[in-house]
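# Examination of the molecular architecture
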Amino acid sequence: MSGRLPNISSRYVKALPVIASLSALACLSGAAGMAAAAPPAAAAAGSACKGDNGGIVVSPGFCATVFADNIGHARHLVVAPNGVVYVNTWSGRYYKNDKPPAGGFLVALQDTKGTGKADVVTRFGDGVAEGSAGGTGIQLYNGAIYAEVNDRIMKYALGPNAVLPAAKAEVIVSGMPLTGDHPMHPFIIDANGNLFVDMGSATNACEVQNRMPKSPGNKPCTEKETRAGTWKYDANKTGQQFSPRERYATGDRNGEGFAIDADGRLFVTQHGRDQLSENWPDLYKPQDGPELPAEEVMQLQSGADYGWPECYFDGFQKKLVLGPEYGGDGGKTVGLCAQRTAPVAFFPAHWAPNDLLIVTNSKFPAAYRNGAFVAFHGSWNRAPAPQGGYNVVFQPMTGGKASGNFVVFADGFAGAVKEPGRAAHRPSGLASGPDGSLYISDDEHGRIWRVTYHGSPDAAKVAAAPAPKTSGASSNNAELPPEGVHPDAGRQTAALTPPPGVTKDQVALGDRIFHGEVANGTCAGCHGSDGRGTPVGADLTSGPWLWSNGSLDGIIKTITQGVPQPKQSGGAMPPMGGTPLKPDEVKAVAAYVYAISRQKTH
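Residues numbered from 1 in each chain as written. Predicted model: local features only at pLDDT ≥ 70, side-chain atom pairs only at ≥ 80, totals over all residues. Heavy atoms only, no water.

## What about the overall build of the chain?
In terms of helices and strands, the chain carries 6 helices and 30 strands. For the chain, the residues scored as buried account for 60% of the 602 residues in total. Sequence-distant contacts, at least 24 apart, represent 63% of the contacts inside the chain between residues at least 6 apart. Working note: accessible area of the chain is about 22700 Å², and carbon and sulfur atoms make up 52% of it. (Helix = DSSP H or I, 4+ residues; strand = E, 2+ residues; numbered from the N terminus. Buried < 20%, exposed > 50% of the residue type's maximum accessible area, 1.4 Å probe, protein only. Contact = heavy atoms within 4.5 Å. Areas by Shrake-Rupley, 256 points an atom, 1.4 Å probe, with all protein chains shown as cover.)

Okay, here's the thing in structure tokens:
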């Protein structure tokens, strides 16, 4: 296995060949010419990188610079033939309803001075004042920008030599679903104007009670009529309405990244389901949760079913198996999954593939051409194991299939801690510039990197990036000395004030459970190791109490019963976080939460 594969089970290393597919630029040939200075080509052979690569590490021979920063929660992006970079940004509940930058959610970035950095940043389209929360998907097709806005796909026509649209936007498709676990709508447009849109699932596995222990799956899963699949529309036609009739393929839980290869094959990723061990502890061991199921890449075909929710892909057995909600027995039985369409490739569990890019630009080094870059947004639900992803990998490909093992091409995005609530940056989008540069977007703090090759194009070899200086995978993966340390060493629990009737030792125990060091606690996965919350878990250190009065007894009750229908956060919580905690352990965790919620600083 080439490359550096941190925090992956050794049994998974044997099952990592990955395929990926085309970038969001498949249709750029149809984009109209637009005036702006294209960025310079890659530097001459042998030149050294300047600066710190924008805080990340990249494969040998490449350099990274910050092309733009703090532009909002940047999701997908595209680059026009003249070098203008267009980005769609998102807002809302997933980002704790924070305040986005003023103006529209669409951003045009221009490097008019040839410095490799955007010196003109222009926002357009609807903003908060117009009721918009932005979106993920964005494409260029036939002289227009297409972008996801709330429940719609909008078309922004560009005049000759124009960078920004002058006319009013037109609605291509409206009425797409916005509820549930996956409200985003990534999409792609092929050369014939076919618009393929993802409708992510509303639930984890179509359970009667979403994400609750031992809740059976709905039979049939009527959710699939309007969710968990790909819908097909006409990019040249306005006023289309979402309905079940336009479903093109089904059984894809959450397809974030679309791609079309040079031969016209359509691919899409899948974020695999969560909480196998948390919801079905009788069938799965605690260590199975972080490593099952695999992420997937599927070749999309009309009418195909890729297995969700009845099936999931086991990367160790390399096959689809029956899920526990539909009679599965921990991965032994295949059942109806034998009639479902298996993926063409798979990835480590819960890394969250958010975008794909196939190298078709002849200016990119020859060794990388036709291969695929994959942006991994990073996990939250590998707790108590270290979180994974938060990187960009390169997958060699030949003839549309994997031709070797992937390497970690770019890393260090998260910084010191790989957690969704504490990561400095999270890769979300990929695009290629006309000069052979690679653009990477970050939806945490709105940074865009531009990666260029600085060696001899013919001498380039696919190689992994060096380990980042801050290479911690999560808050609980620090290497310990051989002799070990006292379990409370370095903790801040001594400064916490326990609730009445609770000792500091009990609070310290709750700290260890919270962080997954004992009893397989999963709390930090959703709420963050600092307790300040993530996109799927509430901030426990501040804010109003939503499920009790904040007393120790109230917190114990909430932990014990779970939170099947969150009022504000994005993820439901099974009782005790899906871990069979004993009553004294529940009390300890509750005491810890009580204590951190009442400290002035944390």
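## A closer look at helix α6 (residues 583-596)
An ideal rise of 1.5 Å per residue puts 20 Å on 14 residues; α6 measures up with 20 Å between its terminal C-alpha atoms. Turning to α6, its buried residues number three or more, namely Glu585, Val586, Ala588, Val589, Ala590, Ala591, Tyr592, Val593, Tyr594, Ala595 and Ile596. Buried residues in α6 make contact with α3 (504-514), α4 (523-527) and α5 (552-561). (Expected span 1.5 Å × (residues − 1).)

## So, the environment of Gly525
Position of Gly525 relative to the elements: it lies in helix α4. Setting aside chain neighbours within four positions, we find Gly525 in contact with Trp380, Ala383, Gln387 and Thr534.

## A closer look at the sheet that holds strand β5 (residues 106-110)
Reading across the sheet, the 4 strands line up as β3-β4-β5-β6 and stay open at both edges, with antiparallel pairing between neighbours. What marks the edges here is a single partner per strand, and that holds for β3 (73-79) and β6 (120-124). Taking the axes of each pair of neighbouring strands and ignoring which way they run, one obtains an average angle of 25° across the sheet. Across 5 bridges, β3 lies against strand β4 (residues 85-90) in antiparallel orientation. Looking at β4, one finds that Val78 is bridged to Tyr86. (Pairing = 2+ DSSP bridges. Axes fitted to C-alpha atoms, helices over the stretch in contact; angles between N-to-C directions.)

## Observations regarding the packing of aromatic side chains
Tallied over the entire structure, the rule returns 27 aromatic pairs. Residues Phe364 and Phe373 carry aromatic rings whose centres are separated by 5.9 Å and whose planes lie at 70° to one another, so their mutual orientation is edge-to-face. We classify Phe373 as buried; its relative accessible area is 0%. The interplanar angle of 90° and the centroid separation of 5.0 Å between the aromatic rings of Phe413 and Trp449 together place this pair among those described as edge-to-face. Here Phe413, found in the loop between β27 (407-411) and β28 (427-432), pairs with Trp449, found in strand β30 (residues 448-453); they are 36 residues apart in sequence, far enough to count as distant. In terms of burial, Phe413 and Trp449 fall into one category: buried. Through a chain of ring-to-ring contacts, the aromatic side chains of Phe62, Phe364, Tyr368, Phe373, Phe394, Phe409 and Tyr453 assemble into a single cluster. Its guanidinium or amino end placed over the ring of Tyr594, Arg598 lies 3.6 Å from that ring's centre, counting from NZ or CZ. (Phe/Tyr/Trp six-rings, centres within 6.5 Å; stacked < 30°, edge-to-face > 60°. Lys NZ or Arg CZ within 6 Å of the ring centre and 35° of its normal.)

## A short note on the state of the cysteines
A complete count under the given rule lists 2 disulfides for this structure. There is a disulfide in this structure between Cys311 and Cys337, and the S-S distance comes to 2.1 Å. Disulfide Cys311 to Cys337: torsion about the S-S bond roughly -100°, handedness left-handed. Here Cys311, found in strand β19 (residues 311-314), pairs with Cys337, found in the loop between β20 (319-322) and β21 (345-347); they are 26 residues apart in sequence, far enough to count as distant. Note on Cys311: relative accessible area 7%, which makes it buried. In this structure Cys337 comes out as buried when scored by relative accessible area, which is 3%. Cys523 forms no disulfide, and the closest cysteine sulfur to it belongs to Cys526, at a distance of 8.6 Å. For Cys526, a relative accessible area of 19% corresponds to the buried category. (Disulfide = S-S within 2.5 Å.)

## Concerning the nonpolar core
Burial of nonpolar side chains together is a common tendency in soluble globular proteins. Of all hydrophobic cores here, the largest spans 23 residues; its most connected members are Phe373, Val392, Phe409 and Leu438. Among the secondary structure elements, those contributing two or more residues to this core are β2 (62-68), β23 (372-376), β24 (391-395), β27, β29 (438-442) and β30. If we skip the residues at most four places from it in the chain, Val392 touches Phe373, Val374, Ala375, Val408, Phe409, Ala410, Phe413, Pro427, Leu430 and Ile440. With 22 residues, the next largest nonpolar core counts Leu496, Ala524, Ala591 and Ile596 among its residues. (Core = buried A, V, L, I, M, F, W, Y, C linked by side-chain atoms within 4.5 Å.)

## What about the sheet that holds β2?
In spatial order, the strands read β2-β30-β29-β28; together these 4 strands make up an open sheet with antiparallel pairing. Looking at strand neighbours, the two that pair on one side only are β2 and β28, the edges of this open sheet. The sheet shows a mean angle of 25° between the axes of neighbouring strands, direction not considered. Taken together, the 5 bridges between β28 and β29 define a ladder with antiparallel strand orientation. Counterpart to Ala431 in the pairing with β29 is Tyr439.

## Details of α3
Within α3, burial applies to Val507, Ala508, Gly510, Asp511, Arg512, Ile513 and Phe514. Of the surrounding elements, those touching the buried residues of α3 are α4 and α6.

## Description of the packing of α5 against α6
With their axes 9 Å apart at the nearest point, α5 and α6 run at an angle of 120° to one another. Overall, the two elements α5 and α6 adopt an arrangement that is oblique. Here α5 and α6 pass one another in a crossing that is right-handed. Of the residues in α6, those in contact with Leu552, Ile555, Ile556, Ile559 and Thr560 of α5 are Val586, Lys587, Val589, Ala590, Ala591, Val593 and Tyr594. A breakdown of the residues in the contact of α5 with α6 according to their chemical character gives 10 nonpolar, 1 polar and 1 charged. (Parallel < 35°, antiparallel > 145°, perpendicular 65-115°, else oblique. Left-handed = near helix turned anticlockwise from the far one by under 90°. Nonpolar A, V, L, I, M, F, W, Y, C, P; charged D, E, K, R; others polar.)

## Quick notes on the packing of α3 against α6
As a packed pair, α3 and α6 sit with axes 7 Å apart at the nearest point and diverge in direction by 95°. With respect to α6, the element α3 is oriented roughly perpendicular. On α6, the residues touching Gln506, Val507, Leu509, Gly510, Asp511, Ile513 and Phe514 of α3 are Glu585, Lys587, Ala588, Val589, Ala591, Tyr592, Val593 and Ala595. By residue class, the composition of the contact of α3 with α6 is 10 nonpolar, 2 polar and 3 charged.

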